[in-house]
Amino acid sequence: MENHEELYIPMGIKANRQVIEGMEVKEIFLMGVMFCIDVILCALYYVTFTDPIGTFFGFLAILLSSYLVLKKSEKDNQSFLDMLQHIFSYYRGRKHYAYIHLNEWE
C-alpha cells in the first residue's frame, strides 16, 4: 500500500498588510480620495440646491458605494475594482481580425 501525502494549498493569503478587514493601504488611500471628492460634490450640491437632507443622503450613498467597490472579498481576495481592471485589460489584449466571407463552394 502506497503512502500518499496530501498537498496543502493555502487559500486567502494576503499580499499586503490589511489596515481594516478587506482593505489594504492602497484601498484606504483610494477611500480617502473618494471621501474628498464626495465632500466637494456634496458641497456643490448643497450650495446649488440648499437641500441638507439630500446632501446628507447623497454623501452617505457615494461613501457606501465607494466602500463596496473597494472592499476585497475573503474568498478570492479581489475587489470589484480589481475585477473591472482585469476585464478591461483582457479586452484590450484581445486581437481583432477582420472577417472576410468567402464562398467555398464556387
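Before going into details, it helps to say that this report is about the structure given with it. Since the structure is predicted, the reported quantities are computational estimates derived from the model, not experimental observations.

Details of the overall build of the protein
Tallying secondary structure elements over the protein gives 3 helices and 2 strands in all. Starting at the N terminus and walking to the C terminus, you meet the elements of the protein as β-β-α-α-α. A compact globule built from 106 residues should have a C-alpha radius of gyration of about 13 Å, whereas the protein, at 24 Å, is more than 25% larger. Judged by the C-alpha coordinates and their principal axes, the protein covers about 70 × 65 × 20 Å. Relative to its full complement of 106 residues, the protein shows a buried share of 15%. By sequence separation, contacts in the protein at least 24 residues apart represent 48% of the contacts at least 6 residues apart.

Some words on the pattern of salt bridges
By the definition in use, this model includes 3 salt bridges. Among the salt bridges present, the one from Glu24 reaches Lys72, with a minimum N-O distance of 3.6 Å. Residue Glu24 is located in strand S2 (residues 23-24), and its partner Lys72 is located in the loop between helix H2 (52-70) and helix H3 (80-93); the two are separated by 48 residues in the primary sequence. No difference in accessibility class separates Glu24 from Lys72, as the two residues are buried. Taking the relative accessible area as the measure of exposure, Lys72 reaches 10% and is therefore buried.

Thoughts on the packing of aromatic side chains
Under the counting rule described, the total for this entry stands at 4 aromatic pairs. Pairing Phe35 with Phe59 gives two aromatic rings, centres 5.7 Å apart and planes at 75°, and the pair type is edge-to-face. Placement of the pair is Phe35 in helix H1 (residues 25-49) and Phe59 in helix H2, with a sequence separation of 24 residues. The interplanar angle of 50° and the centroid separation of 5.0 Å between the aromatic rings of Tyr45 and Phe49 together place this pair among those described as tilted. With Tyr45 and Phe49 both in helix H1 and 4 residues apart, this pair spans about one turn of that helix. Of the residues examined, Phe49 reaches a relative accessible area of 52% and is grouped as exposed.

Focus on H1
Taking 1.5 Å of rise per residue, the 25 residues of H1 would be expected to cover 36 Å, and the 36 Å separating its terminal C-alpha atoms lies within 8% of that figure. Within the span of H1, buried status applies to Glu27, Met31, Asp38 and Cys42. Looking at the buried residues of H1, the elements they touch are S2 and H2. Of the residues one or two after H1, Thr50 is the one with positive phi, at around 45°.

Overview of the environment of Tyr45
Since its relative accessible area comes to 33%, Tyr45 is described here as partly exposed. Separated by 20 residues in sequence, Tyr45 and Val25 have C-alpha atoms that sit 30 Å apart. Dropping the residues within four chain positions of it, Tyr45 is found in contact with Thr50, Asp51, Gly54 and Thr55.

Procedures and definitions
- Residues numbered from 1 in each chain as written.
- Predicted model: local features only at pLDDT ≥ 70, side-chain atom pairs only at ≥ 80, totals over all residues.
- Heavy atoms only, no water.
- Helix = DSSP H or I, 4+ residues; strand = E, 2+ residues; numbered from the N terminus.
- Rg over C-alpha atoms; globule rule 2.2 N^0.38 Å.
- Buried < 20%, exposed > 50% of the residue type's maximum accessible area, 1.4 Å probe, protein only.
- Contact = heavy atoms within 4.5 Å.
- Salt bridge = Lys/Arg side-chain N within 4 Å of Asp/Glu carboxyl O.
- Phe/Tyr/Trp six-rings, centres within 6.5 Å; stacked < 30°, edge-to-face > 60°.
- Expected span 1.5 Å × (residues − 1).

The quantities given are spatial measurements derived from coordinates; they are silent on function.
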